[in-house]
Amino acid sequence: MDNIIEVRGLRKEFKNSVAIENLNFEVKRGEILGFLGANGAGKTTTIFMLLGLITPTSGSIKIFNKEMKTSRVEILQRMNFASAYQQLPYNLRVWENLYVFAEIYGVKNSKKKIDDLLEMFEMEHMRKQLSGSLSSGEQTRLTLCKALLNDPEILCLDEPTASLDPDQADKVRKVIAARQRDTGMTVINTSHNMIDVSELCDRILFMRKGRVIANGSAADILEQSGSKNLEEAFISMARSNTSEALATSIEAK
Amino acid sequence: MNWRIIRALIIKYAFVVSRNTFRLMDLFFWPVLDLVLWGMVTIYMMKVSNGAPALVTFLIAAIILWNVLYRAQQLVSVSFLDDVWSRNLLNIFGAPIRASEYIGASFIMGLMQATLVLLLLGTLALFLHSLNIFSLGFMLAFFFVNLLFMGWSLGLLVTGAILKWGPPAEALAWAVPGLVQPLSAVFYPVSVLPGWLQPIALCFPASHVFEGMRQILAGHGVDQHHLWCAVLLNIVYMFASGWAFKVCLEGAKARGFLVKYGT
């Protein structure tokens, strides 16, 4: 499998802090990569740099073998994203929002595409509702519809199930997994929900203070950290001062 | 520039405006109220002071043309604020949209809105005050285009300021036209201003437009000097405001402010 994303020497400094420090990773085509880490670890900053919404201080991001710095529009045409903390305009109806973004992404046969996605996320009956009248869980599903409109080759998800009840979260995970199987898209998923990560992700990058401290499958991370489950591994890695040593051993494996 | 994207952004704006009564009111009600109110005041002033009949013409034409600049500026700034308030900023800037397409769409929407307002107010002025502003013909188009450009430039500068300073700068979207108006020779000639303010006033393209407009309405013909000054200043303003917007947008991405402001 070829690398679809290559990140080298990425650093992001804000006024009083370093958010990302010498970040290096690659993602293979068709892979589902999970970003794990405590609040402020740098997961969302990394995703936003991959989307060109935050400019790195130094380092390079290559997606589809093109530099993000110089080919932002061409790259974003083939990507999409959804975040539990980002909504679509509340003053537009559900179908209007999806129609506008279908036009922006140049989706062919957009009406059918919108109908299919609304059906997939069980939202057909809400198509004429104002987006602002939806519950937070419904709004999350709407942003997921938007994120799949252009059949992205790379889908970035920022805590996609954060505002969903367990039933809806399970359905969303299944939809994303099924889409990934059908289309072979690459998924980058940040989450604090260990079920999301263990069910969806082929590989996990564990971040702490802007650095990757563990990189491997869920099983690798459990084995190396000596934890019974990912939640326990998360807590021990987030608190551990020796997590860099752990990272080295997992990567070496 | 991708016209499909510009069209999509215009459609989004049309959806927003079409179901927002206050937006429709802002678009039509206030300009009409301006025209009616100022028209009455002017007629009254003329009666009590035996003023020249040209005064009504000057003021009403000025009100109509000032609305062109105001609408163009508002559209650029407020359509950006719409995306901020509806937490749509990241969806827009995380999509394959160039800054030029985003700005281009707001320019076109500003052009459409300013055209509508000009037609509406021009027609009303004809019926209410017997002033046919359309008789200015080509010169009306020239004034319109120049005020439109200045409105776009101010809109871009305000949007840049919002990207730089965030919520405290949002009020500028409404305040800037009011700040610029006293120095733009809208209702009185530049010569009325104190001497030290006159060179500043002459740095605004609108001052030359309104001076030129009054010369024509007074029957003194077209003043080429004012026309060229307006065009050249607008070129400078467009480049300067475009550059300022670009710097502010890049700065907002570098500081992570676009993300913070958009969520």
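To start, this report covers the structure provided alongside it. (Residues numbered from 1 in each chain as written. Chains lettered and ligands numbered in written order. Predicted model: local features only at pLDDT ≥ 70, side-chain atom pairs only at ≥ 80, totals over all residues.)

Further remarks concern the overall build of chain B. Per the secondary structure count, chain B includes 11 helices and zero strands. Its C-alpha radius of gyration of 19 Å places chain B within 12% of the 18 Å reference for a compact globule of 263 residues. When the backbone C-alpha atoms are referred to their principal axes, chain B occupies close to 60 × 40 × 30 Å. (Helix = DSSP H or I, 4+ residues; strand = E, 2+ residues; numbered from the N terminus. Rg over C-alpha atoms; globule rule 2.2 N^0.38 Å.)

Quick look at the packing of helix α6 (residues 138-165) of chain B against helix α7 (residues 172-180) of chain B now. Residue and element names in this part refer to chain B. Where α6 contacts α7, the axes come no closer than 10 Å and their chain directions differ by 135°. Between α6 and α7, the crossing angle belongs to the class labelled oblique. At the point where α6 passes α7, the crossing takes the right-handed sense. When α6 is examined against α7, the residues Leu154, Val158 and Ala161 are found in contact with a partner set consisting of Leu172, Ala173, Val176 and Val180. (Axes fitted to C-alpha atoms, helices over the stretch in contact; angles between N-to-C directions. Parallel < 35°, antiparallel > 145°, perpendicular 65-115°, else oblique. Left-handed = near helix turned anticlockwise from the far one by under 90°. Contact = placed C-beta atoms within 7 Å.)

Now for the packing of helix α3 (residues 94-104) of chain A against helix α4 (residues 110-120) of chain A. Residues and elements named next belong to chain A. Their axes nearest at 10 Å, the elements α3 and α4 cross at an angle of 130°. One finds that α3 runs oblique with respect to α4. Considering only the axes of α3 and α4, their crossing is right-handed. Across the interface between the two elements, Trp95, Leu98, Tyr99, Ala102 and Glu103 from α3 touch Ser110, Lys113 and Ile114 from α4. For the contact of α3 with α4, the class distribution of residues is five nonpolar, one polar and two charged. (Nonpolar A, V, L, I, M, F, W, Y, C, P; charged D, E, K, R; others polar.)

Contacts between the two partners involve 28 residues from chain B and, on the opposite side, 24 residues from chain A. Those elements that place two or more of their residues in the side of chain B that touches chain A are α1 (3-18), α4 (89-93), α10 (224-255) and α11 (257-262) of chain B. A class-by-class count of the residues in the side of chain B that touches chain A yields 13 nonpolar, seven polar and eight charged.

Further remarks concern α1 of chain B. Given a rise of 1.5 Å per residue, 16 residues ought to cover 22 Å, and the 22 Å separating the end C-alpha atoms of α1 of chain B matches this to within 8%. Within α1 of chain B the residues assigned to the buried category are Ile5, Ile6, Ala8, Leu9, Lys12 and Tyr13 of chain B. Along the axis of α1 of chain B, the buried residues cluster in a sector spanning 160°; they form a single face. Residues of α1 of chain B that are exposed and angled more than 90 degrees away from the buried face: Trp3, Arg4, Ala14 and Ser18 of chain B. Looking at the packing, one finds that the buried side of α1 of chain B touches α3 of chain A together with α3 (54-85) and α5 (99-129) of chain B. (Expected span 1.5 Å × (residues − 1). Buried ≥ 20, exposed ≤ 12 C-beta atoms within 10 Å, placed from the backbone. Arc of directions from axis to C-beta.)

Before going further, it helps to examine the pairing of strand β8 (residues 186-190) of chain A. Residues and elements named next belong to chain A. With five of five residues buried, β8 is to be regarded as a mostly interior element. Neither face of β8 is left uncovered, since the one carrying Thr186, Ile188 and Thr190 and the one carrying Val187 and Asn189 both have all their residues buried. Strand direction decides the pairing type here: strand β3 (residues 32-37) and β8, joined by four bridges, are parallel. Pairing of Ile32 across the sheet is with Val187, part of β8. Here five bridges tie strand β7 (residues 154-158) to β8, and the two strands are oriented parallel to one another. By the bridge assignment for β8, Leu157 is matched with Asn189. Remark: the β7/helix α6 (residues 166-183)/β8 crossover connection has right-handed handedness. (Pairing = 2+ DSSP bridges. Right-handed = clockwise from strand over helix to strand, strands pointing away.)

Next up on the list: the sheet that holds β3 of chain A. All names here are of chain A. Taking strand neighbours across the sheet as the criterion, the six strands line up as β6-β7-β8-β3-β9-β10 in an open arrangement whose pairing is mixed. Strands at the two margins of the open sheet, each flanked by one partner only, are β6 (79-83) and β10 (211-216). Taking the axes of each pair of neighbouring strands and ignoring which way they run, one obtains an average angle of 15° across the sheet. The pairing of β3 with strand β9 (residues 203-208) spans five bridges and is parallel. Bridged to Gly37 within β9 is Met207.

Residue and element names in this part refer to chain B. When you line up the elements, Trp174 lands in helix α7. Note on Trp174: 14 C-beta atoms within 10 Å, which makes it partly exposed. Residues Trp174 and Gln73, spaced 101 residues apart in sequence, show a C-alpha to C-alpha distance of 9.1 Å.

Such coordinate-based values are descriptive only and should not be taken to indicate function.
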